[in-house]
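Okay, here's what each chain looks like letter by letter:
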Amino acid sequence: MAPRWIRDTVSAAFDRLGYDVRRKRPPQWGDEAYNDQRRLLEGRPVEVVLDVGANVGDTTHQYRTLFPTATIHAFEPFPDVHRQFAERFAADPRIRAHQVAVTDVPGRRRFYVNEAHVTNSLLPHDPASVDWAWASGDGLGRSIDVPAVTLDEFCRAEGLPRIDLLKMDIQGGEAMALKGAARLLAQQAVRLIYLEVLFAPLYEGQAYFCDVSAILTGHGYQLFGLYNLAQGDRGLGWGDAIFRPCQL
């Protein structure tokens, strides 16, 4: 170990540059969402992952790395983005791309398309919160019709009795998707749920964190942790949450 005076000198130099130098510690629970998901799912094979709101596939890529033998079903309804996703993973037969939205009622749904495609949603933006949601007001108002499924319907059609990991990032539509998974949740057939939760009013008719939590606790799930919280001068905006069955 370097002498104390050297460590103090280096620390002072970094402090003048605006950096805080600290000793690295082993990863702790709550430090990183993907690491926690991996640890929580240890002990049994991870065979089925659902990535709802897959966009161009960055999260799917993470899950392929964490769970190399899993079959990953990815849902992205916007045609241009779905095309990018399908091309990116065309060589992986265990990644299956579905150009459908996931919600509470199957059929056709209006899908709102924004300039920043990561903010596309089944719900229109709240005009008062456009800048808070990192969306350009110039692109609001455009919509297309897309096919929609429920998770109960999808899993029944695919012959999937259980899901190891359900990830959802669908911009305020998470509660609708959970209502469409009522049978799976009632049976606690989903081992782990990782989803975006909203605290600020970003979309018209959105579910807030408390709404999502009420649905999941009503089915016997409990909150494990909150991650990636986005906070500004208006307060807490959004973040991610892990839920798991209470008996675990």
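Further up the page is the structure itself.
No experiment lies behind these values; they were computed from the predicted model shown. (Residues numbered from 1 in each chain as written. Predicted model: local features only at pLDDT ≥ 70, side-chain atom pairs only at ≥ 80, totals over all residues. Heavy atoms only, no water.)

(A) Spatial organisation of the overall build of the protein chain. Regarding its fold elements, the protein chain presents 8 helices and 10 strands. For the protein chain, long-range pairs separated by at least 24 residues make up 69% of all intrachain contacts whose partners lie at least 6 apart in sequence. (Helix = DSSP H or I, 4+ residues; strand = E, 2+ residues; numbered from the N terminus. Contact = heavy atoms within 4.5 Å.)

(B) Just the environment of Tyr-63, in detail. Note on placement: Tyr-63 falls in helix H3 (residues 58-66). Residue classification places Tyr-63 among the buried positions, given a relative accessible area of 0%. For the pair Tyr-63 and Leu-50, spaced 13 residues apart in sequence, the C-alpha to C-alpha distance is 9.9 Å. Apart from the residues within four sequence positions on either side, Tyr-63 is in contact with Tyr-34, Gln-37, Val-49, Ile-72, Leu-165, Lys-167 and Tyr-194. (Buried < 20%, exposed > 50% of the residue type's maximum accessible area, 1.4 Å probe, protein only.)

(C) View of helix H2 (residues 33-40). The element H2 is extensively covered by neighbouring structure, given that 6 of its 8 residues are classed as buried. Inspection of H2 places Ala-33, Tyr-34, Asn-35, Asp-36, Gln-37 and Leu-40 among the buried residues, and these make up the whole buried set. Where H2 begins, the capping side chain belongs to Glu-32, and its oxygen is found 3.0 Å from the backbone nitrogen of Tyr-34. (Polar contact = N/O pair within 3.5 Å; in protein donor to acceptor, adjacent residues only side chain to side chain.)

(D) Representation of helix H8 (residues 209-218) in the model. Within H8 the residues assigned to the buried category are Phe-209, Val-212, Ser-213, Ile-215 and Leu-216. All buried residues of H8 lie within an arc of 160° about the axis, which places them on one face of the element. Turned more than 90 degrees off the buried face of H8, the exposed positions are Cys-210 and Gly-218. Contacts made by the buried residues of H8 are with helix H6 (174-179), helix H7 (182-186), strand S8 (190-198), strand S9 (221-232) and strand S10 (235-245). Among the residues trailing H8, Gly-220 stands out with phi positive, at a value near 85°. (Arc of directions from axis to C-beta.)

(E) Seen up close, the pattern of salt bridges. Within the structure shown, the criterion is met by 9 salt bridges. Of the charged contacts, one joins Asp-51 and Lys-167 as a salt bridge, the two residues approaching to 2.7 Å between their closest N and O atoms. On the criterion of sequence distance, the pair formed by Asp-51 in strand S1 (residues 48-52) and Lys-167 in strand S7 (residues 163-168) is long-range, its members being 116 residues apart. Residue classification places Asp-51 among the buried residues on the basis of a relative accessible area of 0%. Its salt-bridge partner being Arg-83, residue Asp-80 comes within 3.2 Å of it at the nearest N-O pair. Here Asp-80 and its partner Arg-83 are both found in helix H4 (residues 79-88), 3 residues apart, which amounts to about one turn of the helix. Relative accessible area serves as the criterion here: at 41%, Asp-80 is assigned to the partly exposed category. Here Arg-83 falls in the partly exposed class, since its relative accessible area comes to 44%. (Salt bridge = Lys/Arg side-chain N within 4 Å of Asp/Glu carboxyl O.)

(F) Region of the structure containing the packing of H2 against H3. H3 packs onto H2 with a crossing angle of 40° between their chain directions and a minimal axis gap of 11 Å. Taken together, the axis directions place H2 and H3 in an arrangement best described as oblique. Once H2 is placed against H3, the crossing between them reads as right-handed. Here Tyr-34, Gln-37 and Arg-38 of H2 lie close against H3, whose contacting residues are Thr-59, Gln-62, Tyr-63 and Leu-66. Taken together, the residues that form the contact of H2 with H3 break down as 3 nonpolar, 3 polar and 1 charged. (Axes fitted to C-alpha atoms, helices over the stretch in contact; angles between N-to-C directions. Parallel < 35°, antiparallel > 145°, perpendicular 65-115°, else oblique. Left-handed = near helix turned anticlockwise from the far one by under 90°. Nonpolar A, V, L, I, M, F, W, Y, C, P; charged D, E, K, R; others polar.)

(G) Representation of the nonpolar core in the model. Counting residues in each nonpolar core, the largest one holds 34 residues, and the members touching the most others are Leu-166, Ile-193 and Leu-195. Listing elements by their share of this core, those giving two or more residues are S1, helix H5 (151-158), S7, H6, H7, S8, H8 and S10. Apart from the residues within four sequence positions on either side, Ile-193 is in contact with Leu-166, Leu-185, Leu-216, Tyr-221, Ala-241, Ile-242 and Phe-243. Core analysis: the second largest hydrophobic core is formed by 20 residues, Ala-33, Tyr-63, Ala-74 and Leu-192 among them. (Core = buried A, V, L, I, M, F, W, Y, C linked by side-chain atoms within 4.5 Å.)

(H) Region of the structure containing the sheet that holds strand S5 (residues 107-113). If you walk across this open sheet you meet the 3 strands as S4-S6-S5, and the pairing is mixed. Edge strands, defined here as strands with exactly one partner in the open sheet, are strand S4 (101-102) and S5. Judged from the 2 bridges that link them, S4 and strand S6 (residues 142-149) form a sheet pairing that is parallel. Each residue of the ladder has a partner; that of Val-102, found in S6, is Val-149. (Pairing = 2+ DSSP bridges.)

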